[in-house]
Amino acid sequence: MASSSSCPPFSFAAKYYHETSGGECVRQSSFFQGQAVLNQGVGYSVILGFGAFFAVFTSFLVWLEKRYVGSRHTSEWFNTAGRTVKTGLIASVIVSQWTWAATILQSSNVAWEYGISGPFWYASGATIQVLLFGIMAIEIKRKAPHAHTVCEIVKARWGTAAHVVFLTFCFMTNIIVTAMLLLGGSAVVNALTGVNIYAASFLIPLGVVVYTLAGGLKATFLASYIHSVIVHVVLVIFVYLVYTASSQLGSPSVVYRRLMEVASRSRVCQDPISHVGQACGPVSGNYKGSYITMLSSGGIVFGIINIVGNFGTVFVDNGYWVSAIAARPTSTHKGYLLGGLVWFAVPFSLATSLGIGALALDLPLTASEASHGLVPPATAIALMGKGGSVLLLTMLFMAVTSAGSSELIAVSSLCTYDIYRTYINPNANGKQILKVSRGIILFFGCFMGILAVVLNKAGVSLGWMYLAMGVLIGSAVIPIAFMLLWSKANSFGAILGTILGCVLGVTTWLTVAKIEYGRVNLDTTGRNAPMLAGNLVSILTGGAIHAVCSVLWPQNYDWDSTKKITMVEKDKTELPADEYEEAKLKKAKMWIVKWGVGFTLVIVVLWPALSLPAGVFSLKYFTFWAVIAIAWGTIGSAVIIALPLMESWSTISSVLAGMFTNDRLMERMEEINAKLQTIMLTIPDAERLYLLEKEKARKKDLVDHSDHIVPASV
């Protein structure tokens, strides 16, 4: 136990304390102390090296598929990946797309703030949206099978006014998500390597832009899989390091004992033995001040904010709709369910190790460092030295670039199909669509960097942006869900609910900040009470207004116009005709409703309800909790790495066979293939000409036959 006389208070944290000549015990004022752990060369090597590698490697994979599998690189293929993506790859893409900088960084921040309830509420509060979006994904296949974006469906159902409103909210979502990716990424790169924060903001998206330009959505999916593999390998390393392998921690019992010590009521927390903003002593708002309890008011409030905010960034982010559109109908629902369950492990397992590890090591982190996402790198450095910081930096780079590429495609498809094809050139052909798509990717890639620089200049942190997103976009969630789920939902209610919900949410947010804290600034608006009020008002008001308007003036829609959304080019895929059978799709919907809603209730209601009575966890209970985190992380990682390879083995085999077959033979085969295709294309015309000639010959025979008939006697 710590005492007022001992220095350091804990022998395991001795390096972070020193005794002055006057006998005063002084704690280190911050963990990083404004100094980079790695040199700038490492930072630039990771950013530019990995960026260049993935740009070249992913573009090469796309070329291999085109050459040896026969993919046609049309505008449809570029923006929808042929609508044939299987369960494993869709799940991998969802995990990768949903693993932001915030997933790795902010989840450990809330662990550092609230203890074990933080990682749980982060994970559960952001998993249920993906599980429930599986219902929307299967409804797209039923009601808008040829759509390219969510806003295309909005226009087909509700017209131009609603289209403009939801297009604005979708763009706002993409900008918020992009801002969070680059704010977290640039802050950690800067803290670990000293790379200029503004340079990092521009260089991180560079490689992503290159491979997305080359291969479109399929390149994004392939890169996402590779990124996902790396993220999960590093995740497993960190989880096992904290709970089994580290000499400083190494077991749940050591972590448990340390957590009890650092939160002890007898611990002295006055300056200079601890400084304002550092974790010290009992946790305010937690049962008995303990980190090892689910009874945390701050954790529960964060959980509610997290649930509301993340509904916005899934349902209003066109990236998730694009992924659903790209999936083959029989894979969509399973891909989203599997993706959600595997993703749960990323924040839960990672933050239960690195976030809790920071507390168990008594690291002198400050609230400012934590809000900028520096808890995981601090723990990684404390346990592994420079090797830990390189691993964390690599993991973060994978998360930022992977999610960033999906945002590029999301914005590109919105601009291409909802602005260019809808309002500028309705008769656009495939080549024009492809040209515009690539132009937008290049433009938004540059805009991403500028946006991050502006927000960094304004002093906006990752934590603030993460909590604020629900206030700004939450009002559009329920109207977008109603669009595909409720035939009575009308356009007037959708427009009014979305706009008014947002206005009322922002007003409530700022008003509560002013009343509670007397001023409105980044600090007060980022606190729990204003954020909670703003988030709830935004999502509930938007939904309530739309529901009331739709009950009063129902649309009674039959989804006929959404089914008539057309493709730019005929998409020649290998999908069997029965994939879009209504009976099959209805069965798939029932399946995802049962399992999606079931798992939602388990992780948001049942799990917390069973753990709340435990109060402060016993050692056995905490060990069980840690084992769940280790097992979920390990099994989830194994599944998400192996399943896409197993499902795509025939394609991989075709590519490998092609690569190791004589190139001249391949060229000859391609030539024969092209001739066969030409013959096949001319068969209908040849058959038509043959039938015409046959008909002419028959008529001529009839005429000749009638001429030769000897007339009867006159």
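Residues numbered from 1 in each chain as written. Predicted model: local features only at pLDDT ≥ 70, side-chain atom pairs only at ≥ 80, totals over all residues. Heavy atoms only, no water.

Engineer: Is there a simple way to explain the overall build of the chain in this structure?
Structural biologist: For the chain, the helix and strand inventory stands at 27 helices and two strands. Pairs at least 24 residues apart make up 84% of the contacts formed inside the chain by residues separated by at least 6 positions. Of the accessible surface of the chain, which amounts to about 28,100 Å², a share of 66% is contributed by carbon and sulfur atoms. (Helix = DSSP H or I, 4+ residues; strand = E, 2+ residues; numbered from the N terminus. Contact = heavy atoms within 4.5 Å. Areas by Shrake-Rupley, 256 points an atom, 1.4 Å probe, with all protein chains shown as cover.)

Engineer: Honestly, the environment of Ser331 in this entry has me stumped. Any pointers?
Structural biologist: Checked against the element boundaries, Ser331 lands in helix H13 (residues 329-360). With relative accessibility at 4%, the residue Ser331 sits in the buried group. Put simply, Ser331 and Ala588 are 257 residues apart on the chain and 9.3 Å apart in space, counted from C-alpha to C-alpha. (Buried < 20%, exposed > 50% of the residue type's maximum accessible area, 1.4 Å probe, protein only.)

Engineer: Would you take a moment to explain the state of the cysteines for this structure?
Structural biologist: Here a disulfide denotes a covalent bond joining the sulfur atom of one cysteine to the sulfur atom of another. Evaluated as defined, the whole model comprises two disulfides. Each sulfur of the disulfide joining Cys7 and Cys25 lies 2.1 Å from the other. Across the disulfide from Cys7 to Cys25, rotation about the S-S bond amounts to roughly 75°, and the bridge is consequently right-handed. One end of the pair, Cys7, is in the segment before strand E1 (17-19); the other, Cys25, is in strand E2 (residues 25-27), and 18 residues separate them in sequence. According to the relative accessible area criterion, Cys25 is buried, its value standing at 10%. The residue that forms a disulfide with Cys269 is Cys280, at a sulfur-sulfur distance of 2.1 Å. What sets the handedness of the Cys269 and Cys280 disulfide is the S-S torsion sign, and at about -90° it is left-handed. One end of the pair, Cys269, is in the loop between helix H10 (252-262) and helix H11 (297-315); the other, Cys280, is in the loop between H10 and H11, with 11 residues separating them in the sequence. Looking at Cys269, the relative accessible area reads 29%, which means it is partly exposed. Across the chain, the disulfide pattern expressed with sequentially numbered bonded cysteines is 1-2, 3-4. Distance from the sulfur of Cys170, which forms no disulfide, to the nearest cysteine sulfur (Cys151) is 3.7 Å. (Disulfide = S-S within 2.5 Å.)

Engineer: Help me understand the nonpolar core, please; the structure alone is not making it clear to me.
Structural biologist: Looking at soluble globular proteins, one finds that nonpolar side chains tend to be buried together. Core analysis: the biggest nonpolar cluster contains 198 residues, and Trp100 and Trp321 have the highest contact counts within it. If we skip the residues at most four places from it in the chain, Trp321 touches Phe133, Met136, Ile140, Val150, Ile153, Val314, Phe315, Ile480, Met483 and Leu484. (Core = buried A, V, L, I, M, F, W, Y, C linked by side-chain atoms within 4.5 Å.)

Engineer: Please clarify how the environment of Ser475 should be interpreted in this entry.
Structural biologist: Mapped onto the elements, Ser475 comes out in the loop between helix H18 (462-473) and helix H19 (477-485). Taking the C-alpha atoms as reference, Ser475 lies 9.9 Å from His546; in sequence the two are 71 residues apart. For Ser475, the residues in contact, after removing those within four places along its chain, are Phe169, Gly497, Thr498, Gly501, Cys502, Ser538, Ile539 and Gly542. Reaching out from Ser475, the side chain makes a polar contact with the backbone oxygen of Thr498 at a distance of 2.7 Å. (Polar contact = N/O pair within 3.5 Å; in protein donor to acceptor, adjacent residues only side chain to side chain.)

Engineer: Teacher, can you tell me more about unusual backbone geometry here?
Structural biologist: Note on backbone geometry: most residues besides glycine have negative phi, and most peptide bonds are trans. For the bond running from Asp271 to Pro272, omega is 10°, close enough to zero to count as cis. Mapping Pro272 onto the fold places it in the loop between H10 and H11. Phi is positive for Trp559, close to 65°, though the residue is something other than glycine. On the secondary structure map, Trp559 appears in the loop between helix H22 (528-552) and helix H23 (560-563).

Engineer: Can you walk me through the packing of aromatic side chains in this structure?
Structural biologist: Pairs of aromatic rings are described using the distance from one ring centre to the other and the angle between the two planes. Enumeration according to the criterion identifies 36 aromatic pairs in this entry. Aromatic pair Tyr16 and Phe31: ring centres 6.1 Å apart, planes at 45°, arrangement tilted. With a gap of 15 residues between them, Tyr16 in the segment before E1 and Phe31 in the loop between E2 and helix H1 (40-69) connect regions that are remote in the sequence. This pair shows no difference in class: Tyr16 is buried, exactly as Phe31 is. If you follow Arg258 out to its NZ or CZ, it ends over the ring of Phe12, 3.9 Å from the centre. Positioned over the ring face of Tyr517 is Arg527, at 4.4 Å from the centre of the ring. (Phe/Tyr/Trp six-rings, centres within 6.5 Å; stacked < 30°, edge-to-face > 60°. Lys NZ or Arg CZ within 6 Å of the ring centre and 35° of its normal.)

Engineer: Help me out: how do you make sense of the side chain of Gln97 in this one?
Structural biologist: By the element assignment, Gln97 lies in helix H3 (residues 87-98). A polar atom in the side chain of Gln97 sits 2.9 Å from the side chain of Ser323.

Engineer: Can you help me understand the side chain of Ser108 in this one?
Structural biologist: Here Ser108 lies in helix H4 (residues 101-114). Setting aside its immediate chain neighbours within four residues, Ser108 contacts Leu350, Ala351, Leu354, Gly355, Val375 and Pro376.

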